[in-house]
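Residue-level structural notes
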Amino acid sequence: MRFKLSGREFELDHALVQARLAGQSPEAIRDHWVEVDGQRWPPKQVLEAAIGVQRSEFTSHTALRQLRRLGFETSTMPTDDGRCATMAATTSSPIASSSWDVTNDTPRAAAAFQTLLSFVTSESLTERIAQLEADLQGADQPTAAAQAAASGLSDELLQASLLIRQHMGRISDVIHAAVITQALPLIIEDGERVTVRPSLAAGNDPGRPFDVETDRRVAEFKIQFWKGADAMRKRGTFKDLVHLALDESGRRAQLYVAGAHAIHFLRTSTSTADWALNRASPILRERFEDRFGPLHVRVCDFTSTSAAHVDLIDLTGLLPALKDL
C-alpha cells in the first residue's frame, strides 16, 4: 500500500508493520486502538514505528485509516457529529450515503449485509476469484471492462464490504464476550467467585492479565478458528500458555480454545519457544528465561513439563455452537 503523509510518500504492507513493532510493547490505550498479532496498540504508536515519522505529525484518525487499509482491525472512528464516518455516496444504491449511522439506519445496514452475503454464498468464492484471475490474464481495456461488469464485483458490493468492515470491526469483541459470558456459568463451581473484573473484549489489557480470575482459577480464552496457515494463532496461543504457566498464585490455570487444533499444536509442535515468542514483548521473553530456562525448548516439551499444570480445554465441548464454525 502506498500513501502520502506530510508531503512524503510511504509504502507499507501488513508484514512490515508487524516487523517494525518487534521488540516494542504497547503503550497505554486511550480512545483508539489497532490490533496487531493479537495485541491492541495505540494507532499513532504503530504508524510511527512503521514509517519513522513522529506521531506529532499526524492524527489518530490518519493512523487508523491507513492501518485499516492494510487489513488491521481497529476501533471505530467517529466524526465530529458523533456518527461513524463512511465513504461519500457515489451511486443511488441504498447502501451509499455520505454518512451511515449503524445504530439509527437498520435498513441500510441490512442492505449492506444482504449484498455481501448474496455474493459470498452464491458459489465458492475461491473458485470464483480464481476464474476471474484466469479470465483477466492478457486482457485489454475492453476485455477488462467486460469482465469487471460480469464479475459481480460491483461498486455497490465494494461499498457494502467497506461499510461492514468499518462499522463491524469489533465483531471479534462480541464473539469473545459472548463466549466467556456463556461459558462462565458452566465452569464456575459452587462457592466460587469472580474476584477481578473479567476481560471480555478481545485483546490485551495490561491491568487485567487474564480473561477470568476467580478465587480458584485463572483462565485465558483463545477464540480463534484455525485455517491451516496459522503462525499468528500458534504464537498467540503459546503466549497465553506462558502467561498462565508464569502465574504463582496457586490457583488452577486453564486455557480455553475453540477446537482441537490449538491443543494439538501445543502438545505436538517441535517449534521452539524462541520462535513462538519472537513477536512477544522483550519482558515476556525475559520472564520466560528467568523462570523456565533457555528459549530453545520445544513447544511440546514446554507444554508437557513447565506448563503441565495448565488445563487445556476445548470450548466446543461446552458451547456446541462453536462446532459449526
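Residues numbered from 1 in each chain as written. Predicted model: local features only at pLDDT ≥ 70, side-chain atom pairs only at ≥ 80, totals over all residues. Heavy atoms only, no water.

**Observations regarding the packing of aromatic side chains**
Two descriptors summarise a pair of aromatic rings, namely the distance from one centre to the other and the angle between the planes of the rings. The condition that has to hold: Put simply, two rings from Phe, Tyr or Trp (the six-membered ring, in Trp's case) pair if the centres are within 6.5 Å, and we call them stacked under 30 degrees between planes, edge-to-face over 60, tilted for the rest. Labels follow the DSSP assignment, with helices taken as runs of H or I lasting at least four residues and strands as runs of E lasting at least two, numbered in each case from the N terminus. When the NZ atom of lysine or the CZ atom of arginine is within 6 Å of a ring's centre and also within 35 degrees of its normal, the charge is said to sit over that ring.
Considering all chains together, one arrives at seven aromatic pairs under this definition. Taking the centre distance of 5.2 Å and the plane angle of 65° together, the rings of Phe288 and Phe292 count as edge-to-face. Taken together, the residues Phe288 and Phe292, both in helix H12 (residues 282–292) and four residues apart, mark about one turn of the helix. One Lys or Arg, Arg40, reaches over the ring of Trp33 and ends 3.7 Å from the middle of that ring. A cation sits over an aromatic face here: Lys44 above Phe58, 5.9 Å from the ring centre.

**A few points about the environment of Asp173**
Relative to the elements of secondary structure, Asp173 occurs in helix H8 (residues 171–187). Between the alpha carbons of Asp173 and Leu200 there is a distance of 7.4 Å; along the sequence they are 27 residues apart.

**Description of the nonpolar core**
For clarity, the cut-off: Side-chain atoms within 4.5 Å are what join buried Ala, Val, Leu, Ile, Met, Phe, Trp, Tyr and Cys residues into a set we call a nonpolar core. Note on exposure labels: buried denotes an accessible area under 20% of the residue type's maximum, exposed denotes more than 50%, and partly exposed covers the range between, all computed with a 1.4 Å probe on protein chains only. Throughout, a contact is declared for two residues whenever any of their heavy atoms are within 4.5 Å.
Counting residues in each nonpolar core, the largest one holds 28 residues, and the members touching the most others are Phe238, Leu241 and Val310. If you list the elements that add at least two residues to this core, you get helix H9 (231–246), strand E9 (252–257), helix H10 (260–268), helix H11 (273–276), H12, helix H13 (299–304) and strand E10 (310–314). Of all the elements, H9 adds the most residues to this core, at six residues. Setting aside residues up to four positions removed in sequence, Leu241 forms contacts with Leu255, Leu266, Phe302, Thr303, Ala307, Val310 and Leu312. In terms of nonpolar packing, the next biggest core, distinct from the first, is built from 19 residues, Phe10, Val17, Val36 and Ala63 among them.

**A look at the sheet that holds E10**
Note the threshold: Should DSSP find at least two bridges between two strands, the strands are taken to pair. To get an axis, fit a line to the C-alpha atoms, keeping to the stretch in contact for a helix; angles then go from 0 to 180 degrees between the N-to-C directions.
Within the open sheet, the five strands sit side by side as E6-E7-E8-E9-E10. Their pairing is mixed. In this open sheet, the two edge strands, each paired with only one partner strand, are strand E6 (194–196) and E10. For this sheet the average axis-to-axis angle between neighbouring strands, irrespective of direction, equals 30°. With two bridges joining them, E6 and strand E7 (residues 212–214) adopt antiparallel strand pairing. Note on E7: the bridge partner recorded for Val196 is Glu213. Those strands touched by H8 are E7, strand E8 (217–222) and E9, and its axis lies near 140° from that of E8. Set on the sheet, H9 makes contact with E8, E9 and E10; between it and E8 the angle comes to about 175°.

**What to know about empty space enclosed by the protein**
Under the convention used in this document: Using a 1 Å grid laid over the protein atoms alone, points where a 1.4 Å probe fits but cannot get out form a cavity; open sets with protein on both sides within 12 Å along at least 5 of 7 lines form a pocket; any residue with an atom within 4 Å of a point counts as lining. Grid points are joined across faces, edges and corners, and a volume is the space filled by probe spheres set on the points. Three categories are distinguished: nonpolar for Ala, Val, Leu, Ile, Met, Phe, Trp, Tyr, Cys and Pro, charged for Asp, Glu, Lys and Arg, and polar for the others, with Gly belonging to the last.
In total, this model carries two cavities of 30 Å³ or more according to the counting rule given. In this structure, the largest cavity spans a volume of roughly 110 Å³. Residue lining of the largest cavity: Asp37, Gln39, Met232, Arg235, Gly236, Lys239, Ala276, Leu277, Asn278, Arg279 and Ala280, and that is the complete set. Here the lining of the largest cavity takes four residues from H9, the largest share from any one element. Tallied by class, the residues present in the lining of the largest cavity amount to four nonpolar, three polar and four charged. Put simply, the second largest cavity is a space of about 90 Å³.

**Side note on the pattern of salt bridges**
The line we're drawing: We define a salt bridge as a side-chain nitrogen of Lys or Arg found within 4 Å of a carboxyl oxygen belonging to Asp or Glu.
Following the criterion strictly, the structure yields 14 salt bridges and no others. Salt-bridge contacts for Arg55 lead to Glu27; the nearest nitrogen and oxygen are separated by 2.9 Å. Highlighted residues: Arg55 in the loop between helix H2 (43–51) and helix H3 (60–69) and Glu27 in the loop between helix H1 (14–21) and strand E3 (34–36), separated in sequence by 28 residues. Here Arg55 falls in the partly exposed class, since its relative accessible area comes to 25%. Taking relative accessible area as the criterion, Glu27 reaches 36% and is therefore assigned partly exposed. When the shortest N-O distance is used, the salt bridge between Arg55 and Glu48 registers 2.7 Å. Sharing partners across several salt bridges, the network here consists of Glu189, Glu192, Arg216, Arg217 and Arg252.

**Some remarks on the environment of Leu322**
Tracing the sequence through the fold places Leu322 in the segment after E10. Here Leu322 falls in the buried class, since its relative accessible area comes to 8%. A C-alpha to C-alpha distance of 9.3 Å links Leu322 and Ile223, two positions 99 residues apart in sequence. If sequence neighbours within four positions are ignored, Leu322 has contacts with Val179, Phe225, Leu315 and Thr316.

As far as function goes, none of this settles anything; it's purely spatial.
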